[in-house]
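Commentary on secondary and tertiary structure
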Number of protein chains: 2
Amino acid sequence: MYKKKIPVNLDCGLHLFMEVIQGKWKIALIWCIHSGIKRPGELQRKISKASRRLLDNQLSELVNHGILTKITYEERPLKVEYELTSLGKSLIPAIEYTAQWGEDHREELEKLIQS
Amino acid sequence: MYKKKIPVNLDCGLHLFMEVIQGKWKIALIWCIHSGIKRPGELQRKISKASRRLLDNQLSELVNHGILTKITYEERPLKVEYELTSLGKSLIPAIEYTAQWGEDHREELEKLIQS
C-alpha cells in the first residue's frame, strides 16, 4: 500500500477527522453504506464515475482506519458486504453537521470557489 | 495563482466544507484569528512551523473563499489585520463539532492511522 512520506499530524481532533474523511469518494462510500448499499458491485453502480479499483482501494483504507468492517460470506459466488463500525457510525452526525454548513452556504460558496 | 486542473466537486455540502478547510494551516489560521490573533507577524509566531510565505498564501486563499477579510490600516509602518467574515464565523461550530469527534476518538484513531 502507498505510504505517506510526511508523518500524519495528529495533534488536533479536526485533523483526525480530515485524515479519515479525505480521499476521493470516501464520504460517498460512507454515505452509501449508511443508506444500506453494502455490496461492492452495488456501490460501483451508485458511484459510477469512480473505477472499481479506486473504490476497492478507498474501501480498504476505510477498513484500515476502523471505519468499515468487511464481511465475506463463504458461499459460491463469494459475497462481500461492508458495514459501518461503531466508530464509522459515530462519523454520521459530524458528516451531517458539516454537510449542512455547506448546504446552508452553498450559493455564496459556489460563487467564491468557482471564481 | 495556482489553478486546479480538475473542476471542483460542488454537488455535496460536505465537499464545500472540505474545499474551504483543506490546505495546510488553514484551520490553525482560522482558529488563531477566532482567538484574537489577527496580525500576520503574530500568526507566524504562533504557527512557527510554517513559513511566512506559506501562511500568506493560505491567508489569501481564505480571503478569496470569503472566510477572512484583510484590513490594511494606512499608517507607517503599514498595519495589516485579518478578521473572520460572517461566513468565516459560521465555520466555528462546524470546526468545533468535528474536532470534538476527533478528540472523542483520538486514542483509537491514533492507533489506526499510525499503523
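Just so you know, these numbers come straight off a predicted model, no measurement behind them.

Our next topic: the relation of the copies chain B and chain A. Between chain B and chain A, which share one sequence, the superposing operator has a rotation angle of 180° and an axial displacement of 0.0 Å; the RMSD is 0.0 Å. Expressed as an axis order, the relation between the two copies is that of a two-fold axis. Take the interface residues of chain B: 95% of them recur as interface residues in chain A, which is what a same-surface contact looks like.

So, on to helix α1 (residues 13–21) of chain A. Residue and element names in this part refer to chain A. Of all 9 residues making up α1, 8 are buried, and the element is well covered by its neighbours. For α1, the complete set of buried residues consists of G13, L14, L16, F17, M18, E19, V20 and I21. Looking at the residues trailing α1, positive phi occurs at G23, about 125°.

Residues and elements named next belong to chain A. Axis separation between helix α2 (residues 26–34) and helix α4 (residues 52–64) bottoms out at 10 Å; the angle between their running directions is 75°. Considering their axes alone, α2 and α4 lie roughly perpendicular with respect to each other. Residue-level inspection shows K26, L29, I30 and I33 of α2 in contact with α4, the latter providing L55, Q58, L59, E61 and L62. Taken together, the residues of the contact of α2 with α4 break down into 6 nonpolar, 1 polar and 2 charged.

To continue, consider the packing of aromatic side chains. According to the stated counting rule, one finds 3 aromatic pairs over all chains in the structure shown. Residues F17 of chain A and W101 of chain B carry aromatic rings whose centres are separated by 5.9 Å and whose planes lie at 75° to one another, so their mutual orientation is edge-to-face. With F17 of chain A in helix α1 and W101 of chain B in helix α5 (residues 86–104), the pair connects residues from two separate chains. Residue F17 of chain A is classed as buried on the basis of its relative accessible area of 0%.

Procedures and definitions
Residues numbered from 1 in each chain as written. Chains lettered and ligands numbered in written order. Predicted model: local features only at pLDDT ≥ 70, side-chain atom pairs only at ≥ 80, totals over all residues. Heavy atoms only, no water. Least-squares fit on C-alpha atoms with pLDDT ≥ 70 in both. Contact = heavy atoms within 4.5 Å. Buried < 20%, exposed > 50% of the residue type's maximum accessible area, 1.4 Å probe, protein only. Helix = DSSP H or I, 4+ residues; strand = E, 2+ residues; numbered from the N terminus. Axes fitted to C-alpha atoms, helices over the stretch in contact; angles between N-to-C directions. Parallel < 35°, antiparallel > 145°, perpendicular 65-115°, else oblique. Nonpolar A, V, L, I, M, F, W, Y, C, P; charged D, E, K, R; others polar. Phe/Tyr/Trp six-rings, centres within 6.5 Å; stacked < 30°, edge-to-face > 60°.

Purely spatial values, then, with no claim about function.
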